[in-house]
Amino acid sequence: MTVITPNAFRSQLIDAPQFWHDFNQGPWLQSQLDARLAPWWSRFFGYHMLKLGGLSISLDSQDCSIAHQVCVARTHPHRQITADPYQLPFVGKSFDAVLLLHQLEFSQDPHRLLREIDRVMMDDGYLVLAGWNPVSGMGLNRLLPWKRKRCPWHGRFFTQGRIEDWLALLNFEVVHREHFGVCAGAHPSRWRERFDQQLSPWLPLLASNYLLIARKRTIPLNKVRPRLMASRRPVVVVSNYRVQAKRQSSAEP
């Protein structure tokens, strides 16, 4: 049973951004995620991919090897299905990959959202998750009174370690983690991009953004015996002594 911490649930509804241009760093963040996910699109395989939330829908994923992509949101104009993210209208184990970009920060119950994603995901499926670092320079800006109610600081930022703990409870294995945005800004420049590429791998705690790619692992409860070992059975050899004695007597002169 998953233990929900007291500050994980929030009764107040938070308005999540629907497009990347809804906040200042949005276009820069979109370009960064496009570049970092480019080598991964060909690694995802299967039949169906779920793009949950407005920012996930707005990200370009045409290069993904999974052709059928379902866009689910509440109010996004490009959504295909309007549904509650905590009660998705799909049967269990329906999707081979799920795209969840900056949705936990604006979720009332992030634990419940991850459990619902775990329900609709296939075994060994991929979960792509992006978030903001609360201890970075950008994350500490939410302490300023004039930015506390602005997007995206009106949401709740979670540390990477906390997100990985939640994923571990659901048997997700993080296969890739990446940090970027040490020198992030609303107006990117060439020197800022160069410094960010050099400093982000060495200063992950100061990076404003992180990207996690996890796979759902399933451990069988019953012990599976090897087929070769299970097929080995004792062979009983029956010898008919009467037939052998008769043959020996008939052979004697």
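Residues numbered from 1 in each chain as written. Predicted model: local features only at pLDDT ≥ 70, side-chain atom pairs only at ≥ 80, totals over all residues. Heavy atoms only, no water.

A closer look at the overall build of the protein
For the protein, the count of helices and strands is eight helices and seven strands. Looking at the protein as a whole, 43% of its 253 residues are labelled buried. In the protein, the proportion of contacts linking residues at least 24 apart, taken out of those at least 6 apart, comes to 70%. In the structure as shown, the protein presents an accessible area of about 15100 Å², 56% of it carried by carbon and sulfur atoms. (Helix = DSSP H or I, 4+ residues; strand = E, 2+ residues; numbered from the N terminus. Buried < 20%, exposed > 50% of the residue type's maximum accessible area, 1.4 Å probe, protein only. Contact = heavy atoms within 4.5 Å. Areas by Shrake-Rupley, 256 points an atom, 1.4 Å probe, with all protein chains shown as cover.)

Details of the layout of surface pockets
By volume, the largest pocket amounts to about 400 Å³. Lining the largest pocket we find 22 residues, and of these Ala16, Gln18, Arg74, Pro85 and Gln103 sit closest to its centre. (1 Å grid on protein atoms, 1.4 Å probe; cavity = no way out; pocket = protein on both sides within 12 Å on 5 of 7 lines; lining within 4 Å. Points joined across faces, edges and corners; volume = space filled by probe spheres on them.)

As for helix H1 (residues 26-37)
Helical periodicity: at 3.6 residues per turn, an α-helix aligns residues three or four positions apart in one direction. For H1, which comprises 12 residues, the first-to-last C-alpha distance of 16 Å matches the rise-based estimate of 16 Å (1.5 Å per residue) to within 8%. Those residues of H1 not exposed but buried are Gly26, Trp28, Leu29, Gln32, Leu33, Arg36 and Leu37. Taken end-on, H1 shows its buried residues confined to a sector of 160 degrees, consistent with a single buried face. (Expected span 1.5 Å × (residues − 1). Arc of directions from axis to C-beta.)

Regarding the pattern of salt bridges
One pass over the full model with this rule turns up nine salt bridges. Salt-bridge contacts for aspartate 84 lead to arginine 74; the nearest nitrogen and oxygen are separated by 2.8 Å. With aspartate 84 in the loop between strand S3 (81-82) and strand S4 (95-101) and arginine 74 in the loop between strand S2 (68-73) and S3, the pair connects residues that are 10 residues apart, well separated along the chain. Taking the relative accessible area as the measure of exposure, aspartate 84 reaches 28% and is therefore partly exposed. Linking aspartate 123 and lysine 93 is a salt bridge whose minimum nitrogen-to-oxygen distance equals 3.4 Å. On the criterion of sequence distance, the pair formed by aspartate 123 in strand S5 (residues 121-132) and lysine 93 in the loop between S3 and S4 is long-range, its members being 30 residues apart. Taking relative accessible area as the criterion, aspartate 123 reaches 33% and is therefore assigned partly exposed. Through salt bridges with shared partners, a single ionic network connects Lys93, Asp118, Asp123 and Lys216. (Salt bridge = Lys/Arg side-chain N within 4 Å of Asp/Glu carboxyl O.)

Things to note about the sheet that holds strand S7 (residues 209-216)
Taken in spatial order, the seven strands make up an open sheet running S3-S2-S1-S4-S5-S7-S6, and their pairing is mixed. The outermost strands of the open sheet, each flanked by one partner alone, are S3 and strand S6 (172-180). Its contacts with the sheet place helix H3 (residues 110-120) against strand S1 (48-52), S4, S5, S6 and S7, and it is angled at close to 150 degrees to S5. (Pairing = 2+ DSSP bridges. Axes fitted to C-alpha atoms, helices over the stretch in contact; angles between N-to-C directions.)

Here's the deal with the environment of glutamine 12
Along the chain, the position of glutamine 12 falls in the segment before H1. Expressed as a C-alpha distance, the spacing of glutamine 12 and serine 107, which sit 95 residues apart in the sequence, is 9.5 Å.

Quick word on unusual backbone geometry
Omega for the bond connecting cysteine 151 with proline 152 falls within 30 degrees of zero, at 5 degrees, which places this linkage in the cis form. Position of proline 152 among the secondary structure elements: in the loop between helix H4 (137-140) and helix H5 (160-169). Non-glycine residue lysine 93 carries a positive phi angle of around 55 degrees. Lysine 93 sits in the partly exposed class, given a relative accessible area of 44%. Phi is positive for aspartate 124, close to 65 degrees, though the residue is something other than glycine. Secondary-structure assignment places aspartate 124 in strand S5. On the accessibility criterion, aspartate 124 (35% relative accessible area) is partly exposed.

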